[in-house]
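# Structure at a glance
Here is how the chains run, residue by residue.
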2 protein chains.
Amino acid sequence: MATRTDTKEKILDLAEALMREKGFGEFSYAHLSSELNIKNAAVHYHFPSKDDLGKAIIERALQRFITWSHLDSIKEMRPKEKLAAFMEVYYKQNLDYSFRLCLIGSSAAAFPALPERMQQEVKGLAETILGWLAQVFEEGREKWELNFNGSAKAMASVFISTLAGALQLSRIGGKSFYTTTVEQLWNQLLVKH
Amino acid sequence: MATRTDTKEKILDLAEALMREKGFGEFSYAHLSSELNIKNAAVHYHFPSKDDLGKAIIERALQRFITWSHLDSIKEMRPKEKLAAFMEVYYKQNLDYSFRLCLIGSSAAAFPALPERMQQEVKGLAETILGWLAQVFEEGREKWELNFNGSAKAMASVFISTLAGALQLSRIGGKSFYTTTVEQLWNQLLVKH
DNA sequence: AAACATACTTACTAACTAGTAAGTAAACAA
DNA sequence: TTGTTTACTTACTAGTTAGTAAGTATGTTT
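Residues numbered from 1 in each chain as written. Chains lettered and ligands numbered in written order. Predicted model: local features only at pLDDT ≥ 70, side-chain atom pairs only at ≥ 80, totals over all residues. Heavy atoms only, no water.

### Structural notes on the environment of A:Arg117
All names here are of chain A. Quick note on the threshold: Labels follow the DSSP assignment, with helices taken as runs of H or I lasting at least four residues and strands as runs of E lasting at least two, numbered in each case from the N terminus. In what follows, a contact means two residues having at least one pair of non-hydrogen atoms within 4.5 Å.
By the element assignment, Arg117 lies in helix α8 (residues 116-142). Taking the C-alpha atoms as reference points, Arg117 and Lys55, 62 residues apart in sequence, are found 6.6 Å from one another. Setting aside residues up to four positions removed in sequence, Arg117 forms contacts with Ser49, Asp51, Asp52 and Lys55.

Printed below as a string of structure tokens:
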């Protein structure tokens, strides 16, 4: 058949979910095809190699983030609200679904084992997110909404590292580990010093 | 031959290094045996299943941490020094060797894909380290050496999450990402507020 | 000296891995 | 209505995976 289908999107959805649950190296074309009731060659049709699939997962995530951050509803927010919105998305997209990691965290953990083209894509994604966060922190400090010493970029690095790390460790320590950790992180940003 | 050998230790050393470089699911008995110039059945002789191997890696790491933390030279330290010593070990054992992760981070990232017995072992290791850190933070605040709000346990959670996260993200952002991030984390602990 | 344990090797297997070549059926374009 | 493109399926392969059964050489115990 040649009817317009959404198979490609479905493959991407499932592959991304599996990558965040188990890691990029821990799912196979067989997993994808059996779950979607197609043959593994159909997956190869849309994504000839696993490199292609991996690259596409990250590309799509980057587009998603760009779209989100350019939303009027986000752009209109004050810095503190932006940060809270980011954390909200982060929490919802990840911890709501059986301890799925964020793509950055999942990619970083398996980085040396990832296809090179995928590594490049991941670098772009990380830079974009970190850049956005640094801007929010800068603006937040200027407007006296967020408190921290040092550069906004360094603070953004701590912020994303803590979120990603806490998400991963919450697989060991449970959901409460995540909420405790992130609350502590958040409170530190509000304390006047 | 049946001469006393250190093959078992060598296997553990290599397996741990590979686990931290690539992840537990990303190395095979063939990798181990070819690197050590033995046959894969020899690895199975010492560690019948990969579950056994994984469990042994974590058990050994736990023993190593306990031994380290019970060292007189560590016990005699003041809280701030203890924390600095922990960070020193963390940095040396990981970033000095081509972006190897810590075992907690590597385990957390692949957690759902790990053998169950290994998961249990990882939980024990994480609890032990977190407990030790929480004590150090508590003592550090009492003695006015470390500054933070909230509970010592929460602060310890932020601390270890940030370290583990920064280590992972440094694979994407380079060594400077790690040093920037950890310096920012450290400075926050010293700021009076 | 005999029996046993240790530390392997040789030789194998069943299951799974990404990937391919060739065929097919439907939709679409000329 | 013929040709082309899309979206697959069927059928396959070469390589890798963890794991096993049986044999062997050495050292240790009795």
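### Considerations on the interface of chain A and chain B
Inclusion rule: We define buried area as the total accessible area lost by two parts upon association, computed with a 1.4 Å probe and summed across both. By salt bridge we mean one thing: a side-chain nitrogen of Lys or Arg within 4 Å of a carboxyl oxygen of Asp or Glu. Throughout this description, a polar contact denotes any pair of N or O atoms lying within 3.5 Å of each other; where both atoms belong to protein, one of them has to be capable of donating a hydrogen while the other can accept it, and for residues adjacent in sequence the pair is counted only when both atoms sit in side chains.
Each side of the interface is counted separately: chain A has 42 residues, and chain B has 42 residues. Taken over both partners, the interface formed by chain A and chain B buries close to 3300 Å², and the fraction arising from carbon and sulfur atoms is 68%. Counting the contacts that link chain A with chain B gives 0 salt bridges. Summed over the shared surface of chain A and chain B, the result is 8 residue pairs in polar contact (both at pLDDT 80 or more). Looking at the side of chain A that touches chain B, the elements that each hand over two or more residues are α1 (7-22), α7 (103-109), α8, α9 (152-173) and α10 (175-190) of chain A. In terms of residue count, the dominant contributor to the side of chain A that touches chain B is α9(A) (13 residues).

### Concerning the side chain of A:Thr162
We count it as follows: Each residue's exposure class comes from its accessible area (1.4 Å probe, protein chains only) as a fraction of the maximum for that residue type: buried when under 20%, exposed when over 50%, partly exposed otherwise.
Looking at the secondary structure, you find A:Thr162 in helix α9. Judged by its relative accessible area of 0%, A:Thr162 is buried. Side-chain polar atoms of A:Thr162 contact the backbone oxygen of A:Val158, separated by 2.6 Å. Each residue touching A:Thr162, except ones within four places of it in the same chain, is listed here: A:Thr181, A:Leu185, B:Val158, B:Ser161 and B:Thr162.

### Thoughts on the packing of aromatic side chains
Each aromatic ring pair is specified by the distance between its two centres and by the angle formed by the two planes. Threshold: Two rings from Phe, Tyr or Trp (for Trp, the six-membered ring) form a pair when their centres are within 6.5 Å of each other. A pair whose planes differ by under 30 degrees is stacked, one over 60 is edge-to-face, and the rest are tilted. Working rule: Lys NZ or Arg CZ, within 6 Å of ring centre, within 35 degrees of ring normal, means a charge sits over the ring.
A complete count under the given rule lists 22 aromatic pairs over all chains for this structure. Seen in terms of ring centroids, B:Tyr91 and B:Tyr178 are 5.7 Å apart; in terms of plane orientation they differ by 40 degrees. Their pairing is tilted. Placement of B:Tyr91 in helix α6 (residues 79-94) and of B:Tyr178 in helix α10 (residues 175-190) is noted, with a sequence separation of 87 residues between them. Among the residues examined, B:Tyr91 registers a relative accessible area of 24% and is labelled partly exposed. Within the aromatic cluster, the residues linked to one another by ring pairs are A:Phe65, A:Trp68, A:Phe86, A:Tyr90, A:Trp132, A:Phe137, A:Phe148 and A:Phe159. A cation over a ring is seen here: B:Lys50 above B:Phe24, with NZ or CZ 4.7 Å from the ring centre. Positioned above the aromatic ring of B:Phe27 is the side chain of B:Lys50, whose terminal nitrogen or guanidinium carbon lies 4.6 Å from the ring centre.

### Points about unusual backbone geometry
In this structure, A:Asn37 takes a positive phi of about 55 degrees despite not being glycine. The topology assignment puts A:Asn37 in the loop between α2 (29-36) and α3 (40-46). Its relative accessible area of 72% is what places A:Asn37 among the exposed residues. Positive phi is not limited to glycine here, since B:Phe99 has a value of about 60 degrees. Relative to the elements of secondary structure, B:Phe99 occurs in the loop between α6 and α7 (103-109).

### A look at the pattern of salt bridges
Where side chains of opposite charge bring their charged atoms close, a pairing between them can arise. Residues and elements named next belong to chain A. Overall, the coordinates contain 24 salt bridges over all chains when judged by the stated rule. Of the charged contacts in the structure, one is a salt bridge between Arg20 and Glu16, with a shortest N-O distance of 2.6 Å. Residue Arg20 and its partner Glu16 are located together in helix α1, separated by 4 residues, close to a single helical turn. Glu16 matches Arg20 in its accessibility class, with the two residues each being buried. Several salt bridges converge on common partners, so that one network encompasses Glu9, Asp13, Glu16, Arg20, Arg60 and Arg64.

### Things to note about the environment of A:Glu81
Residue and element names in this part refer to chain A. Locating Glu81 in the fold gives a position in helix α6 (residues 79-94). Its relative accessible area of 43% is what places Glu81 among the partly exposed residues. Counting along the chain gives 31 residues from Glu81 to Lys50, while the straight-line C-alpha distance between them is 38 Å.

### Let's talk about the relation of the copies chain A and chain B
Let me state the cut-off plainly: Least-squares superposition aligns the copies on the C-alpha atoms of those residues with pLDDT at or above 70 in both.
Rotating chain A by 180 degrees and translating it 0.0 Å along the rotation axis places it on chain B, where the RMSD comes to 0.0 Å. Viewed as a symmetry operation, the transformation between the two copies matches a two-fold axis. Looking at the interface residues of chain A, 100% of them are also at the interface in chain B, so both copies use one shared face.

### Section: the state of the cysteines
What makes a disulfide is a covalent bond joining the sulfur atoms belonging to two cysteines. Selection criterion: Criterion for a disulfide: a pair of cysteine sulfur atoms within 2.5 Å.
Scanning the model with the defined rule gives 0 disulfides over all chains in all. For the unlinked cysteine B:Cys102, the closest cysteine sulfur is that of A:Cys102, found at 16 Å.

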